[in-house]
Amino acid sequence: MSASIKTGQARMLAVSLLVLLLVVVSALGVIYSSYKSRQLFSEVQQQNREAMRLEEDWGRLLLEQSTWASHARIERLAKSELKMVVPAPETIIVVKR
């Protein structure tokens, strides 16, 4: 009977060690997933900040584009740099199809 007790104790010790190993592996998995989650959240936050910066740049570029393409500016450049003038009404000829 003492041999069966020793076998039972050895089996219990083996099961206990296996459970301990599984608990340690599980704890390491939780630690790793928490670390990875924080890392990915940080990356998402950084990408969101970059997206906001790009949206601000886009807004500034649209404003700049509308400024450069304003009718008053185009007319002023046409007169000053290209020496264009508005034709007199009597010189305008309308062509019909």
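Draft legend 1. Spatial organisation of the overall build of the protein. Counting its secondary structure elements, the protein contains two helices and zero strands. Compactness check: the protein gives a C-alpha radius of gyration of 39 Å against a globular reference of 13 Å for 97 residues, more than 25% above the reference. Reported as C-alpha extents along the three principal axes, the dimensions of the protein are approximately 125 × 35 × 15 Å. Across the 97 residues in the protein, those meeting the buried criterion constitute 2%. As presented, the protein carries roughly 9,500 Å² of accessible surface, and 67% of it is formed by carbon and sulfur atoms. Charged side chains of the protein number 13 positive and 9 negative; the gap between the two group centres comes to 13 Å.

Draft legend 2. Inspection of the pattern of salt bridges at higher detail. In total, this model carries four salt bridges according to the counting rule given. Arg60 is paired through a salt bridge with Asp57; the nearest N and O atoms lie 2.4 Å apart. Of this pair, Arg60 and Asp57 are both found in helix 1 (residues 2-68), three residues apart, which corresponds to roughly one turn of the helix. Its salt-bridge partner being Glu75, residue Lys79 comes within 3.3 Å of it at the nearest N-O pair. Here Lys79 pairs with Glu75, and both are found in helix 2 (residues 71-80), just four residues apart, close to one helical turn. Lys79 sits in the partly exposed class, given a relative accessible area of 45%.

The rules we used
- Throughout this document, residue positions are counted from 1 along each chain, in the order its sequence is written.
- Restriction of local features to residues with pLDDT of at least 70 applies here, the model being predicted, together with a cutoff of 80 or more for giving and counting side-chain atom pairs; totals for whole chains, interfaces and linings are based on all residues.
- Each side-chain value is worked out from all heavy atoms of the structure, with water and hydrogens disregarded.
- Only DSSP runs of H or I reaching four residues or more are called helices, and only runs of E reaching two or more are called strands; each is numbered from the N terminus.
- Throughout, the radius of gyration refers to the C-alpha atoms, and the reference size of a globule is 2.2 Å times the residue count to the power 0.38.
- Accessibility here uses a 1.4 Å probe with only protein chains present; expressed as a share of the type maximum, an area under 20% marks a residue as buried, one over 50% as exposed, and anything in between as partly exposed.
- In these tables, accessible area is a Shrake-Rupley quantity obtained with a 1.4 Å probe, and a residue counts as shielded only by the protein chains included in the view.
- When charges are counted, Lys and Arg are positive and Asp and Glu negative, with His and the chain ends excluded.
- Every charge is mapped onto a representative atom, which is NZ of Lys, CZ of Arg, CG of Asp or CD of Glu.
- Within this document, salt bridges are pairs made up of a side-chain nitrogen of Lys or Arg and a carboxyl oxygen of Asp or Glu, the two lying within 4 Å of each other.

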